[in-house]
Amino acid sequence: MCVLMKKSRLVYIVLSLSVIALLASCDDSVLSRMSDVEAFIDNRPDSALVVLESIPHTELTTRRSRAKYALLKSIALDKNYIDVTSDSIIAPAVSYYRHHGSADEKLKTFYYRGIVSFYSNDYDAAMEWFVKGNQFSDEAEDIRQSALLCFNRHDSRAIIEKDRGYAPPRSQ
C-alpha cells in the first residue's frame, strides 16, 4: 500500500509540473505576441486591436499577462478613437502595475486609467490618475507618453476650474 501511495504521489507531482510547464510556455507565447503588438501599436492601432482580440482569455494565465493585455487593449482602443467609460478593461493593469513593472508601464497604466475617467466626465478622478502617472515621468523613457499625460492633466484642470467658476487672473 505504501509503494502505491508513493507512485501515485510521484505521478501527481509529474503531472503538476507538466501542467505548470505548459502554462508557462503558453504565457511566454502570449507575452511574445503582445511584445510584437507593442512594437506596432502606435502606427497600426487597428491591426493591434485585431491581434489582441484574437488572443483567447484562457491563454492569459498570469497576472502579468492579464495586466499587459489590459494595458495594450486600452491603448489600442484609445488609438482607434473608441472612448471607454468603464474601468473594467484597464483594471487588471492598474491592479498589477501599481506594485510591479517599469516606470513606463506605470505611467501608461495611470494615464489610460485617467483617460477612462476623463471620457466619463469625471475630471477630478482623471486629474488624480494623471497626477499618479506623473510620478513616473522622470524615470520613464517614453517622453511622448509623458507629454500626453501632462497635456491631459492640463485639460482636466482647465475643465475643473471652468466648472467651479474659477477665472484665470487678469493681466494688467
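To start, this report covers the structure provided alongside it.

1. Some remarks on the overall build of the protein chain
Part 1: Counting secondary structure elements, the protein chain contains seven helices and zero strands.
Part 2: Along the chain direction, N to C, the helices and strands of the protein chain fall in the order α-α-α-α-α-α-α.
Part 3: Looking at the protein chain as a whole, 38% of its 172 residues are labelled buried.

2. What about helix α6 (residues 123–134)?
Every α-helical turn comprises 3.6 residues, leaving residues that sit three or four positions apart pointing alike.
Part 1: Under the 1.5 Å per step criterion, the end-to-end length of α6 is 16 Å for 12 residues, consistent within 8% with the ideal 16 Å.
Part 2: Along α6, the residues classified as buried are Y123, A125, A126, M127, W129, F130 and G133.
Part 3: Residues of α6 that are buried make contact with α4 (91–97), α5 (103–119) and α7 (143–163).

3. As for the pattern of salt bridges
Part 1: With the rule as written, the count across this model stands at 10 salt bridges.
Part 2: The salt bridge partner of K79 is D42, with a shortest N-O separation of 3.2 Å. Of this pair, K79 sits in helix α3 (residues 63–79) while D42 sits in the loop between α1 (2–40) and α2 (45–53); the two residues are 37 residues apart in sequence, bridging distant segments of the chain.
Part 3: Across the pair R157 and E161 runs a salt bridge, and its minimum N-O distance is 2.9 Å. Here R157 and its partner E161 are both found in helix α7, four residues apart, which amounts to about one turn of the helix.
Part 4: By sharing partners, the salt bridges in this structure join E38, K68 and E105 into a single network.

4. Details of the side chain of N152
Part 1: Looking at where N152 falls in the secondary structure, it is placed in helix α7.
Part 2: When its relative accessible area of 9% is taken as the criterion, N152 is described as buried.
Part 3: A distance of 3.0 Å separates the side chain of N152 from the side chain of Y111, its partner in a polar contact.
Part 4: Ignoring any residue separated from it by four or fewer positions in sequence, one finds N152 in contact with Y111, I115 and F130.

5. Re the side chain of S117
Part 1: Take S117: it is sitting in helix α5.
Part 2: Residues contacting S117, with those up to four places away along its chain left out, are D122, A125, A126 and W129.

6. Some remarks on the nonpolar core
Part 1: Core analysis: the largest hydrophobic core is formed by 42 residues, its most contacted members being M34, V37, I41, L52, I55, L71 and I90.
Part 2: Looking at this core, the elements with two or more residues in it are α1, α2, α3, α4, α5, α6 and α7.
Part 3: Apart from the residues within four sequence positions on either side, V37 is in contact with A48, V51, L52 and L72.

7. Some details on the packing of α6 against α7
Part 1: Orientation of α6 relative to α7, taken along the N-to-C sense of each, is 150°, at an axis distance of 9 Å. Between α6 and α7, the angle falls in the class roughly antiparallel. The two elements α6 and α7 meet at a crossing, and its hand is left-handed. Mapping the contact onto sequence places Y123, D124, A126, M127, F130, V131, G133 and N134 in α6 and L149, C150, N152, R153, S156, R157, I159, I160 and D163 in α7.
Part 2: Its residues placed into classes, the contact of α6 with α7 shows nine nonpolar, four polar and four charged.

Basis of the calculations
In this convention, every chain numbers its residues from 1, walking through the sequence in written order. Two thresholds apply to this predicted model, a pLDDT of at least 70 for residue-level local features and 80 or more for giving and counting side-chain atom pairs, whereas whole-chain, interface and lining totals are computed over all residues. Only heavy atoms go into the side-chain values, all of them from the structure, while hydrogens and water stay out. The helix and strand labels rest on DSSP assignments: H or I over at least four residues marks a helix, E over at least two residues marks a strand, and numbering proceeds from the N terminus. Under the scheme applied here, a residue whose accessible area is under 20% of the maximum for its type counts as buried, over 50% as exposed, and between as partly exposed, the area being computed with a 1.4 Å probe on protein chains only. Given the number of residues in a helix, its expected span is that number minus one, multiplied by 1.5 Å. Residue contacts are defined here by distance: any two heavy atoms, one from each residue, within 4.5 Å place the two residues in contact. Salt bridges are defined by distance alone: a side-chain nitrogen of Lys or Arg within 4 Å of a carboxyl oxygen of Asp or Glu. N or O atoms within 3.5 Å of each other form a polar contact, as long as, within protein, one can give a hydrogen and the other can take it, and as long as residues adjacent in sequence are counted only when both atoms are side-chain atoms. By nonpolar core is meant a set of buried Ala, Val, Leu, Ile, Met, Phe, Trp, Tyr and Cys residues that side-chain atoms within 4.5 Å join together. Axis angles are defined between N-to-C directions and span 0 to 180 degrees, where every axis is a line fitted to C-alpha atoms and, for a helix, only to the segment in contact. Throughout, the term roughly parallel applies to angles under 35 degrees, roughly antiparallel to angles over 145, roughly perpendicular to angles from 65 to 115, and oblique to all others. Each helix crossing is assigned a hand: it is left-handed if the near helix lies turned anticlockwise from the far helix by less than a right angle, otherwise right-handed if that turn is clockwise. In this classification, the charged set is Asp, Glu, Lys and Arg, the nonpolar set is Ala, Val, Leu, Ile, Met, Phe, Trp, Tyr, Cys and Pro, and all remaining amino acids, among them Gly, are polar.

In short, shape yes, function no, at least from these values alone.
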